[in-house]
Number of protein chains: 6
Amino acid sequence: MDGYLDRLITLALEEDLGAVGDITTDALVPAEATGSAELIAKEPLVLAGLEAFARVFQRVDPAIQVEFLARDGQALEPKAVVARVHGRMRALLTAERTALNIVQRTSGMATLAREAMAAVRGTRLKVLDTRKTSPGMRSLSKTAVRAGGASNHRFGLFDGVLIKDNHIAAVGGSVREALRRARANSPQLVKIEIEVTNLRQLAEALDEGADVVMLDNMDDEQIRQAVQLVGGRIPLEVSGGITLERLPRLARLGVDFVSMGALTHSARAMDLSLEIIPSRARRPARKTTSRARTKR
Amino acid sequence: MDGYLDRLITLALEEDLGAVGDITTDALVPAEATGSAELIAKEPLVLAGLEAFARVFQRVDPAIQVEFLARDGQALEPKAVVARVHGRMRALLTAERTALNIVQRTSGMATLAREAMAAVRGTRLKVLDTRKTSPGMRSLSKTAVRAGGASNHRFGLFDGVLIKDNHIAAVGGSVREALRRARANSPQLVKIEIEVTNLRQLAEALDEGADVVMLDNMDDEQIRQAVQLVGGRIPLEVSGGITLERLPRLARLGVDFVSMGALTHSARAMDLSLEIIPSRARRPARKTTSRARTKR
Amino acid sequence: MDGYLDRLITLALEEDLGAVGDITTDALVPAEATGSAELIAKEPLVLAGLEAFARVFQRVDPAIQVEFLARDGQALEPKAVVARVHGRMRALLTAERTALNIVQRTSGMATLAREAMAAVRGTRLKVLDTRKTSPGMRSLSKTAVRAGGASNHRFGLFDGVLIKDNHIAAVGGSVREALRRARANSPQLVKIEIEVTNLRQLAEALDEGADVVMLDNMDDEQIRQAVQLVGGRIPLEVSGGITLERLPRLARLGVDFVSMGALTHSARAMDLSLEIIPSRARRPARKTTSRARTKR
Amino acid sequence: MDGYLDRLITLALEEDLGAVGDITTDALVPAEATGSAELIAKEPLVLAGLEAFARVFQRVDPAIQVEFLARDGQALEPKAVVARVHGRMRALLTAERTALNIVQRTSGMATLAREAMAAVRGTRLKVLDTRKTSPGMRSLSKTAVRAGGASNHRFGLFDGVLIKDNHIAAVGGSVREALRRARANSPQLVKIEIEVTNLRQLAEALDEGADVVMLDNMDDEQIRQAVQLVGGRIPLEVSGGITLERLPRLARLGVDFVSMGALTHSARAMDLSLEIIPSRARRPARKTTSRARTKR
Amino acid sequence: MDGYLDRLITLALEEDLGAVGDITTDALVPAEATGSAELIAKEPLVLAGLEAFARVFQRVDPAIQVEFLARDGQALEPKAVVARVHGRMRALLTAERTALNIVQRTSGMATLAREAMAAVRGTRLKVLDTRKTSPGMRSLSKTAVRAGGASNHRFGLFDGVLIKDNHIAAVGGSVREALRRARANSPQLVKIEIEVTNLRQLAEALDEGADVVMLDNMDDEQIRQAVQLVGGRIPLEVSGGITLERLPRLARLGVDFVSMGALTHSARAMDLSLEIIPSRARRPARKTTSRARTKR
Amino acid sequence: MDGYLDRLITLALEEDLGAVGDITTDALVPAEATGSAELIAKEPLVLAGLEAFARVFQRVDPAIQVEFLARDGQALEPKAVVARVHGRMRALLTAERTALNIVQRTSGMATLAREAMAAVRGTRLKVLDTRKTSPGMRSLSKTAVRAGGASNHRFGLFDGVLIKDNHIAAVGGSVREALRRARANSPQLVKIEIEVTNLRQLAEALDEGADVVMLDNMDDEQIRQAVQLVGGRIPLEVSGGITLERLPRLARLGVDFVSMGALTHSARAMDLSLEIIPSRARRPARKTTSRARTKR
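Throughout this document, residue positions are counted from 1 along each chain, in the order its sequence is written. Chains carry letters from A onward and ligands carry numbers from 1 onward, assigned in written order. Per-residue local features are limited, in this predicted model, to residues with pLDDT of at least 70; the limit for side-chain atom pairs, both in listing and counting, is 80 or more; totals at the level of whole chains, interfaces and linings are taken over all residues. Each side-chain value is derived from all of the structure's non-hydrogen atoms; neither hydrogens nor water enter the calculation.

Caption draft 1: Just the overall build of chain A, in detail. Labels follow the DSSP assignment, with helices taken as runs of H or I lasting at least four residues and strands as runs of E lasting at least two, numbered in each case from the N terminus. Check the secondary structure of chain A and you find 11 helices and 13 strands. Here the C-alpha coordinates of chain A stretch approximately 75 × 40 × 30 Å along the principal axes. A total of 296 residues make up chain A; the buried ones form 61% of that total. Within the structure as shown, chain A displays about 10900 Å² of accessible surface, and the carbon and sulfur contribution to it stands at 49%. For the charge count, each Lys or Arg is scored as positive and each Asp or Glu as negative, with His and the chain ends excluded. Throughout, a charge is located at the NZ atom of Lys, the CZ atom of Arg, the CG atom of Asp or the CD atom of Glu. Between the averaged position of the 43 positive side-chain charges in chain A and that of its 36 negative side-chain charges there is a distance of 5 Å. Buried, partly exposed and exposed residues are distinguished by accessible area as a fraction of the type maximum, computed with a 1.4 Å probe on protein chains only: under 20%, between the cut-offs, and over 50%, respectively. Here, Shrake-Rupley sampling with a 1.4 Å probe gives the accessible areas, and only protein chains in the shown set may cover a residue.

Caption draft 2: The arrangement of the relation of the copies chain F and chain A in detail. Residues reaching a pLDDT of at least 70 in both copies supply the C-alpha atoms on which the copies are superposed by least squares. If you rotate chain F by 180 degrees and push it 0.0 Å along the axis, it lands on chain A with an RMSD of 0.0 Å. Such values leave the two copies arranged in the relation of a two-fold axis. Taking C-alpha positions as reference, the residue of chain F nearest the rotation axis is D159 of chain F, located at 2.4 Å.

Caption draft 3: Broad picture of the sheet that holds strand β10 (residues 236-239) of chain D. Residue and element names in this part refer to chain D. The criterion for strand pairing is that DSSP finds at least two bridges linking the strands in question. Pairing within the open sheet is parallel, and its six strands lie in the order β6-β11-β10-β9-β8-β7. A strand with exactly one partner marks an edge of an open sheet, and here the two such strands are β6 (126-128) and β7 (161-163). Across the sheet, the axes of successive neighbouring strands diverge by a mean angle of 25 degrees, strand direction being ignored. Direction of pairing for strand β9 (residues 212-216) relative to β10: parallel, over a ladder of four bridges. Each bridged residue has a counterpart across the sheet, and for V213 the counterpart in β10 is L236. Packing against the sheet, helix α9 (residues 220-230) makes contact with β9 and β10, and its axis sits at approximately 165 degrees to β10. Here an angle of 0 to 180 degrees is reported between the N-to-C directions of two axes, which are lines fitted to C-alpha atoms, with helices fitted over the stretch in contact. Throughout, a contact is declared for two residues whenever any of their heavy atoms are within 4.5 Å.

Caption draft 4: Highlighting the pairing of strand β1 (residues 34-41) of chain F. All names here are of chain F. By the criterion of burial, β1 is predominantly enclosed, with seven of the eight residues buried. Here seven bridges tie β1 to strand β5 (residues 81-88), and the two strands are oriented antiparallel to one another. Across the sheet, residue G35 finds its bridge partner in β5, namely G87. Examined bridge by bridge, β1 and strand β12 (residues 272-277) share six bridges and lie antiparallel to one another. Looking at the pairing, I40 lines up with S273 of β12.

Caption draft 5: Molecular detail of the domain arrangement of chain A. Boundaries of every domain are those given by an automatic assignment or by a domain database. If you check the domain split of chain A, you get domain 1 (2-115 + 268-295) and domain 2 (151-259). Look at where the C-alpha atoms of domain 1 of chain A and domain 2 of chain A centre, and you get two points 41 Å apart.

Caption draft 6: Broad picture of the interface of chain F and chain A. In this assembly, 16 residues from chain F lie in contact with 16 residues from chain A. Defined here as a combined quantity, buried area equals the accessible surface (1.4 Å probe) lost by two parts on assembly, summed across both. For the pair chain F and chain A, the summed buried surface comes to about 1400 Å²; carbon and sulfur atoms form 60% of the total. In terms of surface lost to chain A, no three residues of chain F exceed Q188, L189 and K191 of chain F, which account for 49% of the buried area on that side. By definition here, a salt bridge exists when the distance from a side-chain nitrogen of Lys or Arg to a carboxyl oxygen of Asp or Glu is within 4 Å. Between the two partners, chain F and chain A, sit zero salt bridges. We define a polar contact as two N or O atoms separated by no more than 3.5 Å, with the added condition that, inside protein, one atom must be a possible hydrogen donor and the other a possible acceptor, whereas residues neighbouring each other in sequence contribute only through side-chain atom pairs. Inspection of the region where chain F meets chain A yields one residue pair in polar contact (both at pLDDT 80 or more). Only Asp, Glu, Lys and Arg are considered charged, only Ala, Val, Leu, Ile, Met, Phe, Trp, Tyr, Cys and Pro nonpolar, and every remaining residue, Gly among them, polar. Classifying every residue of the side of chain F that touches chain A by side-chain character gives eight nonpolar, four polar and four charged.

Caption draft 7: Up close: empty space enclosed by the protein. Lining residues are defined by having an atom within 4 Å of a point belonging to a cavity or pocket. Those points lie on a 1 Å grid over the protein atoms alone, cavities being sets where a 1.4 Å probe fits but cannot get out and pockets being open sets with protein on both sides within 12 Å along at least five of seven lines. Grid points are joined across faces, edges and corners, and a volume is the space filled by probe spheres set on the points. Evaluation of the coordinates by the stated rule reveals 10 cavities of 30 Å³ or more. One number sums up the size of the largest cavity: a volume of about 130 Å³. L189 of chain C together with H153, R154, G160 and E193 of chain E are the residues nearest the centre of the largest cavity, which is lined by 15 residues in total. Put simply, the parts of the chain that give the lining of the largest cavity at least two residues each are β7 (161-163) and β8 (192-196) of chain E.

Caption draft 8: Spotlight on the packing of helix α1 (residues 3-17) of chain A against helix α3 (residues 50-60) of chain A. Residue and element names in this part refer to chain A. For the pair α1 and α3, the least separation of the axes is 10 Å and the interaxial angle reads 60 degrees. Looking at the two axes, α1 sits oblique to α3. Considering the relative orientation of α1 and α3, their crossing is right-handed. Residues L5, D6, I9, T10 and L13 of α1 form the contact with α3, whose participating residues are A52, R55, V56, R59 and V60. Looking at the contact of α1 with α3 residue by residue, the classes come out as six nonpolar, one polar and three charged. The cut-offs work like this: below 35 degrees is roughly parallel, past 145 is roughly antiparallel, 65 to 115 is roughly perpendicular, and the gaps in between are oblique. Handedness of each helix crossing follows the sense of rotation of the near helix against the far helix: counterclockwise by less than a right angle gives left-handed, clockwise gives right-handed.

Caption draft 9: Here's a closer look at the interface of chain B and chain A. Listed as interface residues are 68 residues of chain B and, on the opposing side, 68 residues of chain A. Both sides together, the interface formed by chain B and chain A hides about 5800 Å², and carbon and sulfur atoms give 58% of it. Looking only at chain B, the three residues that lose the most surface to chain A are E15, L28 and L157 of chain B, adding up to 13% of its buried area. Linking chain B with chain A are six salt bridges. Ionic pairing is found between D16 of chain A and R138 of chain B, a salt bridge with its closest N-O pair at 2.7 Å. Summed over the shared surface of chain B and chain A, the number is 37 residue pairs in polar contact (both at pLDDT 80 or more).

Caption draft 10: Representation of the packing of aromatic side chains. Working definition: a ring pair exists when centres of Phe, Tyr or Trp rings (six-membered ring for Trp) sit within 6.5 Å. Plane angles under 30 degrees give stacked, over 60 give edge-to-face, the rest tilted. Scanning the model with the defined rule gives 15 aromatic pairs over all chains in all. Relative to F158 of chain C, the ring of F155 of chain C has its centre 6.1 Å away and its plane inclined at 40 degrees; by these criteria the two rings are tilted. Summarising the burial analysis for this pair, F155 of chain C and F158 of chain C share the class buried. When the centroid spacing of 5.1 Å and the interplanar angle of 65 degrees are considered together, the rings of F53 of chain F and F57 of chain F count as edge-to-face. With a gap of four residues between them, F53 of chain F and F57 of chain F both fall in helix α3 (residues 50-60), about one helical turn apart. You can call F53 of chain F buried: its relative accessible area is 0%. For F57 of chain F, a relative accessible area of 0% puts it in the buried group. In this structure an aromatic cluster arises from ring pairing among F155 and F158 of chain A together with F155 and F158 of chain F. Placement of a positive charge over a ring is assigned whenever Lys NZ or Arg CZ falls within 6 Å of the ring centre and within 35 degrees of the normal to the ring plane. In this arrangement the basic side chain of R7 of chain C is found over the ring face of Y4 of chain C, its NZ or CZ atom lying 5.5 Å from the centre.

Right under this line is the structure:
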């Protein structure tokens with residue numbers, strides 16, 4: 001059960017179909033016609049969102065069958081066939097755009113995450129995502145980031161305490177006071193992270209027993225001093241306008257985590273297209289190597 | 001009433017809050033504390049999505065007041081104050097990320113649309129968007145595109161007949177047959193557009209009475225010949241991997257419309273941030289020039 | 001709270017507006033324009049559904065004010081002003097059709113119910129409605145029937161036991177067996193009614209202790225005999241293709257209730273229209289006699 | 001997927017069942033009993049709404065099977081068996097009324113539409129429906145009208161620009177101004193229709209480039225002059241209190257479209273009934289002629 | 001169809017899963033692993049809620065199969081196997097707690113109802129439930145009470161008139177006035193019950209034609225006098241802080257009904273647990289006596 | 001915003017009202033009548049759920065005003081007035097039962113939690129709740145537990161890793177393997193807790209780096225040995241059939257947490273009642289001590 005994803009897919013289909021439906025397809029294609037289509041990669045990419053892609057079709061018509069020829073997290077070359085979709089032709093055409101709108105974006109995030117991981121390969125730096133996701137796409141985005149090999153920060157506001165600059169401002173500017181309130185009022189089994197912008201705040205956070213500290217918008221020199229100050233007692237996370245270029249340097253500085261908003265808010269949509277296989281020339285099912293095919 | 005937007009905002013807040021809520025804010029900030037925050041542009045941008053930004057706060061707490069200091073479609077410089085939000089501090093902090101996730105993306109689209117319009121300034125070429133929008137953000141995206149000065153293509157599958165390559169494949173490959181079926185089965189008052197990939201299909205479309213023709217993935221020379229062939233009898237639209245760089249050339253070729261998927265699927269999120277105004281140092285309401293302030 | 005009505009109004013507005021909205025009004029009328037409109041009777045009618053009419057406007061824009069100049073159950077002459085609606089012009093125009101679609105139908109039912117009551121005036125025969133209502137309009141229909149002066153049969157399948165021909169068929173054809181099962185398995189405080197088609201079944205129903213009996217599709221002579229057989233021990237209801245013409249005769253036959261499906265499934269929509277009052281010539285609020293005006 | 005229809009059916013079932021359910025059926029019929037029922041036409045009619053009829057049963061119990069013995073748009077004689085429903089007896093009885101409430105109304109609309117088409121047979125006049133549909137039944141009504149052979153006007157407020165009297169009033173009374181604003185602010189690929197009440201407005205509309213004009217409440221002589229004035233340059237639609245009797249005359253006047261609100265707001269519910277087939281005397285499946293049977 | 005139960009189960013699963021899901025199970029158990037689990041009674045109890053228990057699993061994963069080895073209303077000894085659940089291991093673990101939270105509570109109500117019935121065995125006193133149910137669990141609670149052998153009072157506010165002390169206060173304190181209004185304004189086929197606190201009110205209620213009277217918080221002597229006063233003309237119900245201990249005495253006093261809020265608001269949750277059957281040691285399906293096994 | 005609570009309240013009101021409404025109140029009380037009522041404690045209790053109590057009334061009628069005379073967590077004596085409710089009399093009567101059904105249960109949980117805290121007073125043992133809550137009442141229950149002074153364990157399956165016996169069985173019985181998988185696949189900032197049933201498993205858990213260990217169903221002697229084995233390195237939680245009587249002993253054994261399912265699944269509903277204040281004798285607003293009155 002994934003009620004949130006179902007709600008997003010329903011919303012996306014309803015904004016596209018209204019109460020009227022797909023007037024082009026309904027005018028052209030007989031209700032009983034069936035057919036097949038292939039999802040094809042048009043550029044090198046790391047795949048993500050395949051389950052959601054399939055679910056869009058099945059929401060339009062539960063009888064549609066989606067056969068997976070690749071899996072989330074897989075790196076694909078141009079022309080790779082990702083999935084085959086079989087069923088009523090009207091449903092194939094009607095669901096196409098909504099399904100593509102998802103898988104193109106999630107694959108974009110996975111591809112960017114993979115590039116980030118490549119930039120820190122061989123180091124112990126973990127690349128994390130943020131909550132900067134498109135509305136309704138939180139879970140799809142978090143899953144795509146993992147498909148690309150990066151790791152998830154907290155999911156939402158409910159599963160981790162992260163004290164940010166605005167929180168500190170709201171309690172009058174004191175790191176110490178913020179941490180005290182957090183400790184007094186949080187669930188027993190939750191770690192407490194706090195964002196600091198200078199070494200004085202960092203020292204205060206250490207002193208007050210923060211479990212993790214986020215260094216916000218610090219330059220390399222400040223980060224170096226922070227790592228030295230902490231001396232491995234707690235994990236350190238770096239955040240704020242992080243680019244792929246800066247990752248290797250951050251890895252060498254010895255921080256534990258780096259969080260990149262860009263993974264989910266600036267990933268380019270990958271080029272994947274759905275192509276109807278004309279029924280006269282239906283190709284025989286290619287017996288592709290060793291990949292398991294999941295009939296759904 | 002905008003039920004779709006309300007559903008998207010509800011979904012976005014629920015995926016962020018779950019049934020638990022914002023455990024950081026609830027631990028730090030007393031329920032009765034009130035305060036103010038400012039939405040601030042951190043880079044040059046064209047604003048869009050301000051209504052939705054405000055609605056997120058009001059969904060979290062109907063008593064919150066949002067004061068607009070700019071309006072959708074306005075070009076802003078860094079440090080410009082876009083809006084002020086007043087009310088319960090907890091609600092300000094809890095709604096912040098979800099509200100930013102929207103306005104940063106919609107402003108990104110508006111900014112890109114404005115750049116596209118700049119590239120065709122002085123010509124009669126109209127830049128259109130597509131249905132390549134993030135799931136649930138169709139309406140927000142269409143509005144953002146207009147805020148940037150570009151125009152909307154159809155909204156969804158229900159308000160325009162657009163026969164694409166997959167439709168033609170589904171009817172056996174014939175442009176003529178596709179147009180005949182469209183004419184026979186469409187609502188009386190709807191225009192019919194068809195996508196063609198070569199001049200032979202274009203001639204067939206003209207012959208069969210298409211109202212608009214979309215030239216898909218043609219190079220400049222093919223487009224030139226198409227324009228000549230049509231001779232102004234019907235509008236022509238160019239589509240397929242359009243970049244800002246190519247726009248001026250397309251304008252000179254004499255087509256009527258160009259549709260750019262990038263407007264909604266590849267716009268970068270703009271940098272806007274929400275900053276709590278510490279209550280001790282609440283600045284006096286700046287009397288900004290002549291802008292009307294809408295108290296909502 | 002009336003969740004069902006809210007869901008119906010939301011559904012009706014969404015099927016009319018989609019995710020796009022009212023493109024005519026949005027193109028013509030500035031967002032900030034305000035105005036007034038009057039709901040006017042265009043033929044003699046009994047009013048019903050005024051609350052729902054108002055709620056449609058308020059669902060589109062909570063700030064709209066609806067002033068009632070008549071009340072449900074009131075008989076109106078042509079040109080009577082039923083209500084005034086004030087607020088944003090766009091909302092007035094956008095909600096108009098959906099609001100009219102309801103009040104025209106509910107007034108049709110009330111008007112027909114009033115005619116039925118006129119046909120039995122001076123007798124003790126009670127005219128009842130049925131469950132033959134338009135999907136989603138059960139409550140609106142029941143209320144309209146009462147506004148016309150007739151009475152409600154059960155609301156749905158949950159608030160009364162009514163054993164019909166198909167139920168008797170489903171238990172093997174025995175009135176006696178049907179009543180035994182009903183008595184054994186029903187809530188303690190519910191009356192049991194059974195539909196019979198002949199006097200033998202009626203005798204069986206009486207013998208088995210039915211609380212009410214419905215005579216289905218009987219002619220006058222059969223009804224006369226049924227009334228004689230029962231001798232006032234329990235109430236009798238007549239049902240099946242009842243017309244206004246037949247009502248006076250049924251009243252004389254001495255039955256207690258007559259149920260008319262036509263009240264809710266065949267009532268003609270009444271002619272009511274909404275007319276924008278041009279703002280230049282806004283008429284002064286007519287001080288109409290003694291009617292209370294409810295500002296909502 | 002038809003989320004709107006599903007919502008309407010859910011609403012209709014919930015208003016009939018509440019949280020309690022069908023207390024009569026539950027008291028009489030064992031949970032495990034199965035059976036069959038037939039949907040039978042009781043008067044001459046044109047069928048519409050069969051899919052929705054089936055969907056009601058399947059919403060109550062997904063295991064129910066509905067066998068179609070007729071199809072939407074087919075003219076039926078009394079006693080014709082329209083469909084057979086097989087499955088749990090409780091579900092058959094519980095869904096009966098809600099399913100009938102739909103199919104009786106949609107068949108009423110199709111039957112009236114067929115009568116309208118008969119009145120214009122042999123002419124090129126197209127009969128259109130309007131947005132005067134029962135709340136929640138927009139799509140069912142539009143489909144029923146097509147089943148009867150008439151055509152659909154726009155579906156809702158979102159898929160066509162239709163400037164009506166109240167819109168003209170709202171912009172200060174000027175047809176010219178209304179058309180200018182419509183052209184400036186409408187989607188690129190949409191036709192613009194305007195309602196006029198006299199020849200002066202018609203001339204203005206022609207001059208300003210309306211795509212279609214609706215002649216509202218004009219008598220035959222006015223219509224004749226309008227047709228002459230337009231001279232075939234654009235299509236003309238006639239509207240306002242149109243009756244079946246007037247249709248042949250309108251056809252001779254040379255207008256292109258006539259829209260009839262009565263098709264959806266004044267159609268009488270057709271008499272169709274559901275009859276349980278007693279299991280002892282289950283008739284052998286009649287091999288009816290050549291009709292395809294769709295097992296759903 | 002039981003939309004209310006579906007909504008409750010969805011709500012319960014969503015509050016437990018959020019948009020994130022079961023992070024423990026997802027981290028430990030591979031997506032493709034399957035397995036079985038048994039629902040086992042850990043103390044003597046009367047079973048209720050088995051359908052809802054199964055539905056929770058099927059809501060999480062429609063492919064899960066639930067095999068019933070007992071039925072609602074059955075008295076079980078410790079270690080009795082109530083049901084077997086087969087399917088994806090992740091779904092078994094994820095649904096476990098929500099399914100148990102229901103069946104433990106409903107079995108608690110059934111067990112208490114059975115004890116109440118034991119206390120009145122051999123008498124004609126009927127034990128009724130009330131509307132004092134956990135929010136969202138009305139139908140589950142009413143069904144559980146019947147499984148225990150007790151009877152249902154009205155389901156909600158819509159299916160019976162019950163005039164309570166606050167209603168009498170709201171009409172100015174007069175039993176007579178309350179009954180008059182109820183009779184004048186209620187549906188034709190509904191019984192009217194009124195709550196009285198003394199014999200004077202009881203006499204008034206009898207005089208005004210109440211169908212049933214509820215004696216609220218009376219001691220045995222008052223009840224004795226009330227029974228004498230009524231003399232069997234109408235049924236009497238006793239209510240207010242009723243305990244199991246008092247039931248036999250009430251039965252001897254000759255009242256007809258006793259309603260116990262405790263049945264649904266104070267029943268202790270029964271101890272039932274779900275135990276994963278390790279796949280290596282899957283026990284052979286025990287052939288338990290004569291019970292039918294329902295594969296769902 | 002608390003969408004979950006709103007959904008629960010809506011569900012509870014709809015199951016009580018159906019589409020019909022409160023037929024008793026509607027028959028007796030005029031629509032325009034207004035009045036007041038008081039929520040009164042009828043036994044000693046710790047209050048919880050006051051916000052939800054108020055929200056039920058406001059869901060029925062947004063115009064109702066609820067004045068709080070006590071606050072969540074406050075210990076009340078019999079006859080204490082907890083709140084006053086003012087507004088339309090119909091709404092007061094219609095919402096009464098649903099509002100009481102909530103506040104009686106949540107106050108029951110708070111009262112039991114307070115008793116548990118009393119049993120461990122002066123020790124450092126923290127009493128935690130579990131996920132054994134009534135479906136839909138997770139958040140209400142967690143809040144009530146805090147109002148009583150006890151603490152919350154995780155909220156749901158999404159905000160903490162807790163490996164239970166069934167998880168260990170599902171991975172083949174190995175504590176070590178379970179912890180390894182949890183560590184490899186969990187979010188970076190989450191603590192991992194595991195349930196063990198003997199000292200061997202405890203040693204394995206310690207060795208594998210569990211953050212917290214839950215001792216399930218151990219007797220005092222086993223717990224003593226476990227505490228000794230752990231030596232304060234990580235926190236220990238005791239769980240399984242915990243009673244109030246056992247708490248002091250557990251505190252002396254030196255464990256850190258004890259979780260009690262009974263707090264939310266076995267708390268008795270507290271006796272609180274709503275009493276209409278007859279309008280003739282409306283008492284003057286009592287000036288109760290120093291409590292702030294929150295007008296909502």
